[in-house]
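Residue-level structural notes
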Amino acid sequence: MSKSKDKKGNGNGAQRSDARSFEIKVGLAEMLKGGVIMDVTTPEQAKIAEDAGAAAVMALERVPADIRKEGGVARMCSIEVIEGIQKVVSIPVMAKVRIGHFSEARVLEALGVDFIDESEVLTPADEAHHVDKHDFRSPFVCGARDLGEALRRIGEGAAMIRTKGEAGSGNIVEAVRHLRQVFGDIRALTVLPSEELPARAKELRAPVDLVRTVAQIGKLPVPNFAAGGIATPADAALCMSLGAEAVFVGSGIFKSDDPESRARAIVRATTHYRDPAEVLAASRGLGGAMPGIELETLAEEQRLASRGW
Amino acid sequence: MTIERVGILAIQGDVAAHRRMLEGLGVQVLDVLCEQDLNAVDALVIPGGESTTIAKGIARLKLHEALRRRISDGMPVLGTCAGAILLASRVENHPVAVLGAMDVTAVRNAYGTQVDSFAAPVDDDAAPGLEDMRCVFIRAPQLTEPGPGVEVLARVDGRAVLMRERNVIAATFHPELTSDPRVHEMLLAMG
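Computed from a predicted model, the values in this text were never measured in an experiment.

Assigned secondary structure in chain A consists of 13 helices and 8 strands. In terms of C-alpha radius of gyration, chain A reaches 19 Å, essentially the compact-globule figure of 19 Å for 309 residues. Overall, the C-alpha framework of chain A stretches about 60 × 40 × 40 Å when taken along its three principal axes. Across the 309 residues of chain A, 59% fall into the buried class. Long-range contacts, defined as pairs at least 24 residues apart, comprise 66% of the intrachain contacts of chain A with a sequence gap of at least 6. Summed over all atoms, the accessible surface of chain A reaches about 12,100 Å², with 51% contributed by carbon and sulfur. Averaging the coordinates of the 40 positive side-chain charges in chain A and doing the same for the 44 negative ones gives two points 4 Å apart.

Here you go:
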């Protein structure tokens, strides 16, 4: 991975590393902070997203609201659509793979996709194992509902964590629950004496070295974004205020009445989440948001967030 | 003039990494999101991130003229990656206006997509004080066709990665993602 060669090592480690190194993967996640990553299903939508100020786009065949409605097996996006999107935008292009489907992930890596989302929104391919993400040149983002799940994914090589929320629901309640859970779990760790960390790691079912790191630095070792149910500028501002470092918007934009205006508005509210006057201005004149789902009406097997472990 | 307050253009990008670096160097740091913020700082960092997103934010906030004016009045400014693109005079296939503060052409995503991102040390001909600096490139641009007033301070594999023209420093890499403060110290030394 790195060769020190004849250079005199100077403590900064003047050596080379490539895109497989964790530092380079997390580097791209750092660049996406403060931004909005938008789900798109066509090159035209991708262009709209970029023109609205999206920091990245996520290519998929159907937005979560349609996957929910139409059912069937949801797979990786078609190659033609991803290539079409890569051609028309200059911002990073992400795409989803099914949980555990490392062959889909290898295909996306070969396509030069900038970030791979191993996502519960698609139908899982493996019910016991996630992709071993270390040995890829494309970085991975994974969903999590709590700290243990986040650290299991980071242990497998994820360079970014997002809340799962409840995708395609237009309902922010699950994303809020997951954000509060992750940050609450982190705060609770930071006050534990070090001899209690191994037992806590066991309870969290998380690697003990990562648990020690989080206890020490008081945050995840990778950027922590929000996803799942964001439909309005105020939803985005809420997630940012709760500590998310950027937001993913799935069905919320292209299932609304006026995708262009809504996309711009959510970008604006994400930048200015601390300023209610800006969030107010962003919230005006948007037409209808996507239809929302009351989560009590969803049966357990219809809940996407319970996929993955 | 001593630099006491450094602004970071906080529309989008790795603002937090620059903040950590600058606070570690003992200066006060302010997020810049309007003209009033801009007028309250002695120097400015334009961070890494997505150049189209940041440029659209500058346009929406109507900060373009104010930024150009303060930079041409001599305010020290550092742009990293997306920030370097925004400081350039010319950009290949860029859909939005840039600040034109440095006489170079920026080529976006010049190395490829994220699977081609990398880190590498500067070449042996780096300016004094920058020896062995390790540079992190994330979907990096290249800066080409430097004008006569532009000084190339460091190259990696023969390509210019750190340049200075008067009060403007542009890096195609991300010093803020490492623990090496030399590029930020260079900004603060311009006060």
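Attention shifts here to the sheet that holds strand β7 (residues 224-225) of chain A. All names here are of chain A. As summarised here, the arrangement of the 8 strands in space is β7-β6-β5-β4-β3-β2-β1-β8, forming an open sheet in which the pairing is parallel. Looking at the sheet topology across the chains shown, the edges are occupied by β7 and β8 (247-249). Of the pairings in the sheet, the one linking strand β6 (residues 160-163) to β7 comprises 2 bridges and is parallel in character. By the bridge assignment, arginine 162 is partnered in β7 with phenylalanine 225. Taken strand by strand, helix α7 (residues 173-190) contacts β5 (140-144), β6 and β7, and its axis lies near 130° from that of β6.

Turning our attention to empty space enclosed by the protein. Space left empty within the atom packing is revealed by a probe, the size of a water molecule, rolled over the atoms. Residue and element names in this part refer to chain A. This model, assessed by the stated rule, comprises 3 cavities of 30 Å³ or more. Here the largest cavity defines a volume of roughly 190 Å³. Together, 23 residues line the largest cavity, and Asp39, Ala167, Ala227, Gly228 and Gly250 are the ones closest to its centre. Elements with a contribution of two residues or more to the lining of the largest cavity: β8 and α11 (251-254).

Let us look at the sheet that holds strand β6 (residues 102-107) of chain B. Residue and element names in this part refer to chain B. Read from one edge of the open sheet, 3 strands run β5-β6-β9, paired in mixed fashion. Of all strands in the sheet, those bounded by a partner on one side alone are β5 (88-91) and β9 (142-144). Between one strand axis and the next, the sheet turns by 40° as a mean value, whatever way the strands run. Both β5 and β6 contribute to a ladder of 3 bridges, which runs parallel. Pairing of arginine 90 across the sheet is with threonine 105, part of β6.

Rules and cut-offs
Residues numbered from 1 in each chain as written. Chains lettered and ligands numbered in written order. Predicted model: local features only at pLDDT ≥ 70, side-chain atom pairs only at ≥ 80, totals over all residues. Heavy atoms only, no water. Helix = DSSP H or I, 4+ residues; strand = E, 2+ residues; numbered from the N terminus. Rg over C-alpha atoms; globule rule 2.2 N^0.38 Å. Buried < 20%, exposed > 50% of the residue type's maximum accessible area, 1.4 Å probe, protein only. Contact = heavy atoms within 4.5 Å. Areas by Shrake-Rupley, 256 points an atom, 1.4 Å probe, with all protein chains shown as cover. Lys, Arg positive; Asp, Glu negative; His and termini not counted. Charge placed at Lys NZ, Arg CZ, Asp CG, Glu CD. Pairing = 2+ DSSP bridges. Axes fitted to C-alpha atoms, helices over the stretch in contact; angles between N-to-C directions. 1 Å grid on protein atoms, 1.4 Å probe; cavity = no way out; pocket = protein on both sides within 12 Å on 5 of 7 lines; lining within 4 Å. Points joined across faces, edges and corners; volume = space filled by probe spheres on them.

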